[in-house]
Amino acid sequence: MSKANVSFWVQKEGNRPDLLCGRAADYTVGKGHFLILVWSTLVLGGLLRAFLKNSEVIVLTILSLFGFLIGQLAYNFVEMHQVVYPLLRTPSFSLYCYFSPLIIFMAALDVDFYILKNMFWQVFLAGLISFATTFILIGYVVLKFNKNSWDLQSCLLFSMALGITDPIYSVNSLKTIGISKMYTDIIRGESMVVCGFTSIFFAIFQRGILQMSNFRELHVIMGLTFDVLGSIACGYWCARIIQFILTDLFSNTLTNIIFCISMVYMTFYIVEFWGMSGTVALATVGLNLDSLSFKPRIKLIITKFLIMFSCTFQHLIYTFFGIVIGCGEIKYFQFHTVVFIFILFVTVNFVRFVTVVLVSPVLIHSSYEYNWRWGIVTAWSGIKGVFSLLFAPEVHNLAEQRVESPQLFILYIQVISLMTLGINSYMMTRLAWTLDLCVLSIPRQMAMQNAIKHIQEMIQSRITLFKTEKLLTNVNWTLVEEKTKIEYIIPTPQVSSDNKAKEEFPTDEVLIEEARLHVAIIQISSFEKQCNDGVLSVEAARTLIGATKSYCHIQGKFMSIYDVSTYVRARSWLVKFKNMLTFLEYHKDKTPLILYGHNKFLIFIYHIVFSEEFENAEHIIGIMYIYPMIMHLWPTARKLNVSGLIFVNYYFVFLYLLESALKIIILKRKYFHQHWNTLEFSIVLIGIVDIFCIYFVRLRPDNLILIQFTVIIGYFRIIRFFPLLKIIIPLLINIVDVQIKKRLSLTYSITKGYIKSLEDTKFLIRQISSRKSIDQKLYEILETNKRDAVKELGLIEHEGRDVVIALKTKQAIRNVIAKALKSLTFLSSRGIIDKYESVEMNKVLLEKIKSLNNFPMAIPLPTPDKYLHNIIWLENKDVLIEFFKERAKLAYFDYGDVICKEGEMPQGIYLIISGMAILESSPPTFGIDRSLRPDRESTTRFTEYCTSGDIIGELSCLLKREIEYTVICETILQVCFISLEDLYEGFDFFWPSLEYKIWLKLALGIAHQYFESSLVDEDLKFQKCVMLNHAYVETLSSYNEMSIDNVNMKFVILVYGSVIDTKTEVPYFAPCILPKTCEQVQGTSDLSKLLVIQAPAPDKNDGNAKVMGKGVAL
């Protein structure tokens, strides 16, 4: 065997790259079988992962030994050497470019950008400290204890390569045991910072900047700044391109995956070609993409592909470098090699411990959850992986002196990587369990128990329903119940008996804090669902999610709509800028022609001044003066053309003087009322002063003060271009107006989405906490936040009604098309529509959704009579609308006006056209004497905000009873007023349907307000209830009775008044859902209203449909 060639995979001048290890090819290189080796490695890795589940370190160790064995065979046998020769000839930078882009992108994509944004400086500081301590301590240990002849540069580069914490393996063991994502993201963010620094420094050594003869510190600093900022900018724009393509409704899933992976590699190569850091660029790409950057469920598919490629690359990397080590001479593997490996392992963990000690004060200050236990676990997170291996060959490549055993660089790093992957991962998991970091807190245990109980109840209800089916009568239901019983053991902490009682009964403060975190999670889930359903725009959803995560780490902080507004920093500066532009906008002050009588000269000048040609001539004069001004400011040209410039100046001053004179003749004193005219007059005066100064300089060329003054006056000629702004200002106003409308639309969407998230959260309060006091506190907080958001919504609508109308219209179109898409999916899944037809129809509907991107930002306001179409109980019928249109009146109220007071008799109903009013009241009585109600001692005042489209006074007019609330204008209010007499005239004219429909509308509103969680599966739309009689209203007077048929009546809801169960004599007060045990009720108040929701008819041909408004009343 020939002696191993110990040079490196580096391109030398005039030569091909040499081999890192092993002998050169002293034979004719023919067709090899390297691909067989690659696929064999992948098959072996797949089989090992299949049989050795959750043992990644064992798989990688076996693959490394397999590679070492292949390398030894290649070292001794020519046939095997031919197989591995293509690998040995591959440059190390090529391997780095092949494997690292997807791995760093996957690691960054899994990091929560908002967590990293909130703790950016802490993570950056941790990465900087980790890089510095590793660079210093490991470099010192290598210089001190390594017996190989490594130079200083090799030691420092080796310490940088060994100091990289793997961004994937460092947190994998923590993710599987339920550790908070915030800490895994901090560790992963720190590792990406270190990896970015290392790639930049290796690039600096590769370019040879530090060996330049004219080396300066400023050059290095500027280079580092350019690398970092340039890479971040490239990564940001690449992320925007990927987001734009992947959110396209017509994009194919497979095309998305190919495009995403291709863009990752292309970005990496382009950035590296420009001399920047591809690692930093791809980290930026991954951080700027989230679940909202993709179509629904696409991120999951792309992540699966990335995990597959990442796992494949890791198997290949460990096998390939095992081959490289095996191709070297074994004589360099001595006892000192083993000792030095253990020294390096201890040093690596000691460096990690020092880093955690230095960074802990910063993390403790920034996060109230961080403590010494987390510090101990984090101290073992210095796991090394593929990035250290990929940089290992470059250590020898960039060394000042060549060493005899370059494979030792790779050997040390690969063994340390496997040791940390096994030992550190085990220690992290073990310590996390020992220190109770994986244990759920008592509040979370309670929430988990509530969730399990809820799921078990659903399972039991489903089993009970199945028992009634004829085909399942012979099923062993005892065995079914036994097998479906959930037996989930919730991890509990090991606490002493003294602290057990305290842990079992946590304080309200502890429970409310835990509930706050649950509320934030529910809200984020609601924002994502709204975005996927098309209700919320991507920008609005991303803003809300970012605001929620920004305020989530603040202890005791429930995010309000004002916090979101602070986070957004909405449109205030745009409005001020528009007002300034509007003030500067040019307006012609045109005087009447009749004032000049028969004076032909003045009439002639009048037509000139107010013509478009005269205005255009003003702009042309300013544009023509650009070239002379350039020559005046250019010293060389000014010296050559002094006389010409003087005469040109005379000419332009004359033109400005003529322009001003003509305007003054016509406008007289009004000329100075326009600020643009004042500016033009100032230009004329300065021009005249300039001419006289030049004249005096010619007379007294030795007067320095006069010369300096003339030069300064000459620079004032620049104001002659200011009138050109008159052309630009209208364009700027239009641009700013569009931006204001966009911000208004975004703010409205954000507020609407925030309100919807609060409504979703209120349904899950009981699952969050089982303690009633906490439920009540949560309800009050959420209700207060919702009330503030509704107020903000009204103010936004008052500020930009045309924008809000356009947005509502766009959302309505989106919702209707989304409903059509769901119906299409259902018909296709049932085979009613052919697959091809379904695809074509789906394209048509998606095209309509895509066309909404060009929907106008604003829609003109409808006339007041058009708002009558929004009254739901008029059903958009022309005869009803025309009847009330003739009788309705427009009314206006100023800010602070009282529309109606509590205790007054109603005058009529008010339909709000524009503006917002606040409605304040005591708890609603629902037609029951307060002394009889269970909550009669309640003194809580209710507040509600009414905006455009809301109706005030319906119930009071129906009952002809005192109003139970006070309505005060929050803004200038425009309403459509229908008097009580006109309303009852309509009742008489359209008896009995009109009055019944108003009661039905009110009953449905009360049912939705108080029992929405129970009626979530019911389609209680007003039109459907009227046309199909899905729900109807029953009326009971005092002592009247009504029978309840629980077979045909799914729900009976008491919406007004009170009743008593005739069998048990249990009283029921509105609003409430009557229980199924109730078979007959009797009215106990003067008037009681019950909303009956019918059960689905078992037979579609059953003709015994209930007539609207008629019940079984006795």
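This is a predicted model, so every value here is computed, not measured.

Q: Would you explain the pairing of strand 4 (residues 917-921) in this entry?
A: A regular strand carries its side chains on alternate faces of the sheet. Counted residue by residue, strand 4 has four buried out of five residues, so it is predominantly covered. Sheet topology note: the strand 4/strand 5 (residues 942-946) ladder contains five bridges and is antiparallel. What sits directly across from Ile918, in strand 5, is Tyr945. One ladder, built from five bridges, connects strand 4 with strand 7 (residues 965-969); its direction is antiparallel. Bridge assignment links Leu919 to a residue of strand 7, and that residue is Val967.

Q: Honestly, the nonpolar core in this entry has me stumped. Any pointers?
A: For soluble globular proteins, nonpolar side chains are generally found buried alongside one another. Among the nonpolar cores identified, the biggest contains 126 residues, and Trp150 and Phe158 are the most heavily contacted of them. Considering each element in turn, this core owes the most residues, 13 residues, to helix 17 (residues 407-434). Among all residues touching Trp150, those that are not within four sequence positions of it are Val142, Cys155, Phe158, Val403, Leu408, Phe409 and Tyr412. Formed by 65 residues, the second largest nonpolar core is a distinct cluster that contains Cys957, Ile1006, Cys1025 and Leu1054.

Q: Can you walk me through the packing of helix 6 (residues 120-145) against helix 9 (residues 181-207) in this structure?
A: In a packed pair of helices, the relevant descriptors are the angle between the two axes and the axis-to-axis distance. Where helix 6 contacts helix 9, the axes come no closer than 8 Å and their chain directions differ by 55 degrees. As judged from the angle between their axes, helix 6 and helix 9 are oblique. Once helix 6 is placed against helix 9, the crossing between them reads as right-handed. Of the residues in helix 9, those touching helix 6 at Val123, Phe124, Ala126, Gly127, Leu128, Ser130 and Phe131 are Ile186, Gly189, Glu190, Val193, Val194, Phe197, Thr198 and Phe201. Residue classes in the contact of helix 6 with helix 9 are distributed as 10 nonpolar, four polar and one charged.

Q: Please clarify how the confidence of the model for the protein chain should be interpreted in this entry.
A: Segments scoring low in pLDDT should not have their predicted coordinates read at a detailed level. Taken residue by residue, the protein chain gives an average pLDDT of 80. The fraction at 70 or more is 87%. Below pLDDT 50 for its whole length, residues 1-17 participates in 54 contacts with residues either more than four positions away or in separate chains. Low confidence marks residues 210-215, where pLDDT is under 50. Its contacts with residues over four positions away, or in another chain, come to nine contacts.

Q: Would you mind showing me how to read the pattern of salt bridges here?
A: Pairing is possible between side chains that carry opposite charge, provided their charged atoms lie close to one another. Going through the model one piece at a time under the given rule, you end up with 18 salt bridges. We note a salt bridge from Lys726 to Glu618, for which the minimum N-O separation is 3.1 Å. Highlighted residues: Lys726 in helix 32 (residues 725-763) and Glu618 in helix 26 (residues 612-624), separated in sequence by 108 residues. For Lys726, a relative accessible area of 9% gives the class buried. A salt bridge links Lys1001 to Glu954, with the shortest nitrogen-to-oxygen separation between them at 2.7 Å. Separated by 47 residues along the polypeptide, Lys1001 in helix 40 (residues 993-1011) and Glu954 in helix 38 (residues 954-959) bring together distant segments of the chain. A single salt-bridge network, built from bridges that share partners, covers Glu618, Glu659, Lys663, Glu680 and Lys726.

Q: How should the sheet that holds strand 7 be read in this particular structure?
A: In sheet architecture, strand pairing relies on hydrogen bonds along the backbone and comes in two forms, parallel and antiparallel. Strands sit in the order 2-7-4-5 across an open sheet of four strands; the sheet is antiparallel. Because the sheet does not close on itself, it has two edges, and the strands there are strand 2 (898-900) and strand 5. Going from strand to strand, the sheet's axes swing by 25 degrees on average, the running direction of each strand aside.

Q: I'm lost on the packing of aromatic side chains in this one. Help?
A: The final tally for this structure, using the stated rule, is 42 aromatic pairs. Ring geometry for Phe93 versus Tyr96: centroids 6.0 Å apart, planes at 35 degrees, classification tilted. Note that Phe93 and Tyr96 are positioned in helix 4 (residues 92-109) at a spacing of three residues, about one turn of the helix. The partly exposed category is assigned to Phe93, whose relative accessible area is 34%. With a relative accessible area of 5%, Tyr96 lands in the buried category.

Q: Just to check I follow, could you spell out the environment of Lys850 for this structure?
A: Looking at the element boundaries, Lys850 is found in helix 36 (residues 835-851). Its relative accessible area of 33% is what places Lys850 among the partly exposed residues. Spatially, the C-alpha atom of Lys850 lies 8.5 Å from that of Asp248, the residues being 602 residues apart in sequence.

Q: Before we go on, may I ask you to explain the side chain of Thr41 in this structure?
A: With respect to the secondary-structure elements, Thr41 resides in helix 1 (residues 34-51). Classification of Thr41 by relative accessible area gives buried; the value is 0%. Residues within four places of Thr41 in sequence aside, it is in contact with Leu63, Phe66, His315, Leu316 and Thr319.

Q: Would you mind going over the sheet that holds strand 9 (residues 1031-1037) with me for this structure?
A: Sheet architecture is open: four strands sit in the order 9-16-11-14, paired in antiparallel fashion. The sheet is open, and its two edges are formed by strand 9 and strand 14 (1072-1073), each paired on a single side. Note that strand 11 (residues 1049-1056) and strand 16 (residues 1087-1094) share six bridges and pair antiparallel. Looking across to strand 16, one finds that Phe1051 is bridged to Ile1093. Along the sheet, helix 40 makes contact with strand 9, strand 11, strand 14 and strand 16, crossing strand 9 at roughly 105 degrees.

Q: Even after reading the chapter, I still don't get unusual backbone geometry, so can you show me in this structure?
A: Glycine aside, a negative phi is what most residues show, and trans is what most peptide bonds show. Of note, the bond from Ala1070 into Pro1071 is cis; its omega dihedral lies within 30 degrees of zero at -5 degrees. Positive phi is not limited to glycine here, since Lys960 has a value of about 55 degrees. For Lys960, the position within the fold is in the loop between helix 38 and strand 7. For Lys960, a relative accessible area of 46% corresponds to the partly exposed category. Within the chain, Glu1065 stands out as a residue other than glycine whose phi angle is a positive 60 degrees. Secondary-structure assignment places Glu1065 in the loop between strand 12 (1058-1061) and strand 13 (1067-1069). Since its relative accessible area comes to 60%, Glu1065 is described here as exposed.

Reading the values: the criteria
- For every chain, the first residue of the written sequence is number 1, and numbering continues from 1 onward in sequence order.
- Where totals are concerned, whole chains, interfaces and linings use all residues; where local detail is concerned, this predicted model gives features only for residues with pLDDT of at least 70, and gives and counts side-chain atom pairs only at 80 or more.
- Excluded from the side-chain calculation are hydrogens and water; included are all heavy atoms of the structure.
- Burial classes follow relative accessibility: with a 1.4 Å probe on protein chains only, a residue under 20% of its type's maximum area counts as buried, one over 50% as exposed, and anything between as partly exposed.
- Comment: elements are numbered from the N terminus, with helices defined as DSSP H or I runs of at least four residues and strands as E runs of at least two.
- Pairing between two strands is assigned when DSSP locates at least 2 bridges connecting them.
- Here, the term nonpolar core denotes a set of buried Ala, Val, Leu, Ile, Met, Phe, Trp, Tyr and Cys residues that are joined through side-chain atoms within 4.5 Å.
- Between two residues, a contact is recorded if the distance between any of their heavy atoms is within 4.5 Å.
- Think of each axis as a best-fit line through the C-alpha atoms, taken over the contacting stretch in the case of a helix, with angles from 0 to 180 degrees between the N-to-C directions.
- Here the word oblique covers every angle except those under 35 degrees (roughly parallel), over 145 (roughly antiparallel) and from 65 to 115 (roughly perpendicular).
- By definition, turning the near helix anticlockwise from the far helix through less than a right angle yields a left-handed crossing, and turning it clockwise yields a right-handed one.
- Polar here means any residue outside two lists: the nonpolar Ala, Val, Leu, Ile, Met, Phe, Trp, Tyr, Cys and Pro, and the charged Asp, Glu, Lys and Arg; Gly therefore counts as polar.
- One number per residue, pLDDT, summarises how confident the predictor is, and it ranges from 0 to 100.
- Any Lys or Arg side-chain nitrogen found within 4 Å of a carboxyl oxygen on Asp or Glu counts as a salt bridge.
- Think of it this way: a Phe, Tyr or Trp ring, Trp meaning its six-membered ring, pairs with another when their centres are within 6.5 Å, and the plane angle makes it stacked under 30 degrees, edge-to-face over 60, tilted otherwise.

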